[in-house]
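# Examination of the molecular architecture
One letter stands for each residue in the lines below.
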Amino acid sequence: MQETKIILSEKEIPRQWYNITPDMPNPPKPPLHPGTQQPVGPDDLKAIFPMALIEQEVSTQRWIDIPEEVLDIYTLWRPSPLFRAKRLEAFLKTPARIYYKYEGVSPAGSHKPNTAIPQAYYNKKAGIKRIATETGAGQWGSSMALAGTMFGLDVTVYMVKVSYSQKPYRRIAMETWGATVHPSPSTITNSGRKALELDPNNPGSLGLAISEAVEDAATHPDTNYALGSVLNHVVYHQSVIGLEAKKQLAIAGEYPDIVIGCCGGGSNFGGIAFPFLADKINGKELRAIAVEPSSCPTLTKGDFRYDFGDTAGLTPFLMMYTLGHDFMPPGIHAGGLRYHGDSPLVSQLYKDGIIEARAYRQLTVFEAAMVFAKTEAIIPAPESSHAIRAAIDEALLCKEEGKEKCILFNLSGHGYLDLAAYDDYLNGKLVDFEYPDESIKESLAKLPVIK
Ligand SMILES: *Cc1c(COP(=O)(O)O)cnc(C)c1O
């Protein structure tokens, strides 16, 4: 009998994170100081990050040891299962073999605790008492709240206001794990107050919430900032996904032809794809596809250039694909994919043609989510459903072409706290939104000029 899921023992949790930088044909460009436009040094970042994470951020070491204390907490849900999507394959009548890595088994329901836990650990070790961070729909905030409670750190979360009012469940999870949650824009920070002065009804954005959290951390010596995606160290931490998947596929006697992940800031995509890309860079045949929403088409329609990571312009310039730091994405249900920028590592690999990207509209993504829920039983997160759409399309192409490819995708989270989105879909209330090219151009025209 063909096994449905491939389970590793706790002994097989990776002991090291993988950093793709030394394997890249062109390493990513360094972040620049917004004032001097020179590469930022450790001193510039010390106000908001612990040194251990700053060292990781600029590391050119291929492997980074995972601390025992982090491994110990990883065992609460890792290794995560790898499933063969037998029922989905049968439904599609495809000759393709589809596998998915399921990160929804973490206590927060997504891949994000893979980095929240080590970030909390390094901050605690550096003597930090409190973490200030932002969250959109609440996936990152809840992961950080969980990590804070594991290591005895206070956590303050600036939550994008629309989600704060419309999506109470993750806020309740954050508060259950002991975090303090403020709707953003708030009246606590200068960035928040300024935004509210301009527009008292500002619904908030991820970029603005980042400004608030960075300002909070920079103005309190016992407080640091934590980011749930985009930065290099976050992407390395997520490599446990791909490293485990590689072992699991080997048990099944497989190696993927195609690796797929949804892409918000790039961390779960990098997490599953980079350990395989290491082989591709060394000559192995393999495609990796990053999937984004057509309402926030960072890779497929953005520019590759330096931009701020936040709305207020408090962060360093990052060299990345961007739609412009004051880009206001529409309120689609895949809240985790609404960031204006992308990981510099993912961006450079896309620029160099090593990975592919594609964008899908919301309705076709939910159609794929429905098929998945009815065949594989798990109700997927709206974000992850972008990867499912791409996996289904690739499997259907295999059927058309009579090819037996092995497709691997990351199911980055479950959708049990996003059921309101399914309710909207089922009641015909979801609409497609393609961000107009004109608005993208306008937003990009306002970007800082780097000399
Ligand atoms: C946050 C989130 C994403 C997007 O973030 P990445 O950094 O691109 O991985 C994707 N899926 C889920 C379930 C999320 O919570």
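Our structure is the block above this text.
Residues numbered from 1 in each chain as written. Predicted model: local features only at pLDDT ≥ 70, side-chain atom pairs only at ≥ 80, totals over all residues. Heavy atoms only, no water.

## Describing the side chain of H340
- Structurally, the position occupied by H340 is in the loop between β13 (317–322) and α15 (344–351).
- Judged by relative accessible area, H340 falls into the buried class, the value being 3%.
- Engagement of the side chain of H340 in a polar contact is seen with the backbone oxygen of F308, the distance being 2.9 Å. (Helix = DSSP H or I, 4+ residues; strand = E, 2+ residues; numbered from the N terminus. Buried < 20%, exposed > 50% of the residue type's maximum accessible area, 1.4 Å probe, protein only. Polar contact = N/O pair within 3.5 Å; in protein donor to acceptor, adjacent residues only side chain to side chain.)

## Some remarks on the nonpolar core
- Formed by 71 residues in total, the largest nonpolar core has its most connected members in W17, Y74, M144, F274, L277 and L408.
- The greatest single-element share of this core, amounting to 7 residues, is contributed by helix α13 (residues 267–281).
- Aside from chain neighbours lying at most four places away, what touches F274 is Y18, I20, V235, F269, L345, V346 and L349.
- Listed in part, the 31 residues of the second largest apolar core include A85, F372, A391 and F409. (Core = buried A, V, L, I, M, F, W, Y, C linked by side-chain atoms within 4.5 Å. Contact = heavy atoms within 4.5 Å.)

## A look at the site of the ligand
- Taken together, 19 residues sit near the ligand, with K112, S229, G264, S267 and S412 positioned nearest.
- In this structure, G264 approaches the ligand through a main-chain N or O atom, which is 2.7 Å from an oxygen atom.
- Split by residue class, the shell around the ligand holds 4 nonpolar, 13 polar and 2 charged. (Near = heavy atom within 4 Å. Nonpolar A, V, L, I, M, F, W, Y, C, P; charged D, E, K, R; others polar.)

## Brief notes about unusual backbone geometry
- Residue P79 is bonded to the preceding R78 through a cis peptide linkage, with omega at -10 degrees.
- Following the sequence through the fold, P79 ends up in the loop between α3 (68–74) and β4 (82–84).
- Here the amide bond leading from S184 into P185 is cis, since omega sits at 10 degrees, within 30 degrees of zero.
- Here P185 is to be found in the loop between β8 (180–184) and α9 (190–198).
- The phi torsion at V230 lies on the positive side, around 70 degrees, for a residue other than glycine.
- By the secondary structure assignment, V230 is in the loop between β9 (223–225) and α11 (232–237).
- On the basis of relative accessible area, V230 is assigned to the buried category, the value being 4%.

## A look at the state of the cysteines
- Per the counting criterion, the structure on display carries 0 disulfides.
- Not part of a disulfide, C263 finds its nearest cysteine sulfur in C262, a span of 7.6 Å.
- Take C263: its relative accessible area is 2%, and that puts it in the buried class. (Disulfide = S-S within 2.5 Å.)

## What to know about α13
- Taking 1.5 Å per residue as the helical rise, α13 with its 15 residues ought to reach 21 Å, and the 19 Å between its terminal C-alpha atoms agrees with that figure.
- When the local axis directions of α13 are compared, the greatest deviation, roughly 45 degrees, occurs at F274, which is followed within four positions by the proline P275.
- With 12 of 15 residues buried, α13 lies mostly within the body of the structure.
- Taken together, the buried positions of α13 are occupied by S267, N268, F269, G270, G271, I272, A273, F274, P275, F276, L277 and A278.
- Note on α13: the residue one or two positions beyond its end, G283, has a positive phi of about 110 degrees. (Expected span 1.5 Å × (residues − 1). Bend = angle between axes of the 7 residues up to and from the residue.)

## Some points on the pattern of salt bridges
- This model, assessed by the stated rule, comprises 21 salt bridges.
- Measuring nitrogen to oxygen at the nearest pair gives 2.5 Å for the salt bridge that ties E254 to R97. A residue pair is termed long-range when its members are at least 10 positions apart, and E254 in the loop between α12 (239–251) and β10 (258–262) and R97 in strand β5 (residues 97–102) qualify at 157 residues.
- With a shortest N-O distance of 3.5 Å, K403 and E401 are connected by a salt bridge.
- Each of the salt bridges in this network shares a partner with another, and the network as a whole consists of R78, K101, E103 and E244. (Salt bridge = Lys/Arg side-chain N within 4 Å of Asp/Glu carboxyl O.)

## A word on the sheet that holds β8
- The strand order β8-β7-β6-β9 describes an open sheet built from 4 strands, whose pairing is parallel. The open sheet has two edge strands, β8 and β9, and neither has a second partner. Between one strand axis and the next, the sheet turns by 25 degrees as a mean value, whatever way the strands run.
- As paired strands, strand β6 (residues 130–135) and strand β7 (residues 154–160) are joined by 6 bridges and run parallel to one another. In the sheet register, A132 faces β7, and the bridge partner there is T156. (Pairing = 2+ DSSP bridges. Axes fitted to C-alpha atoms, helices over the stretch in contact; angles between N-to-C directions.)

## What about the sheet that holds strand β11 (residues 287–293)?
- Overall, mixed pairing links the 7 strands, which are arranged β1-β4-β5-β15-β10-β11-β14 in an open sheet. Among the strands making up the open sheet, the edge pair consists of β1 (5–6) and β14 (356–360).
- When β10 meets β11, the two strands line up parallel, connected through 5 bridges. Counted as the bridge partner of I258 is R287 from β11.
- Docked against the sheet, α13 engages β5, β10, β11 and β15 (406–411), running at close to 155 degrees with respect to β10.

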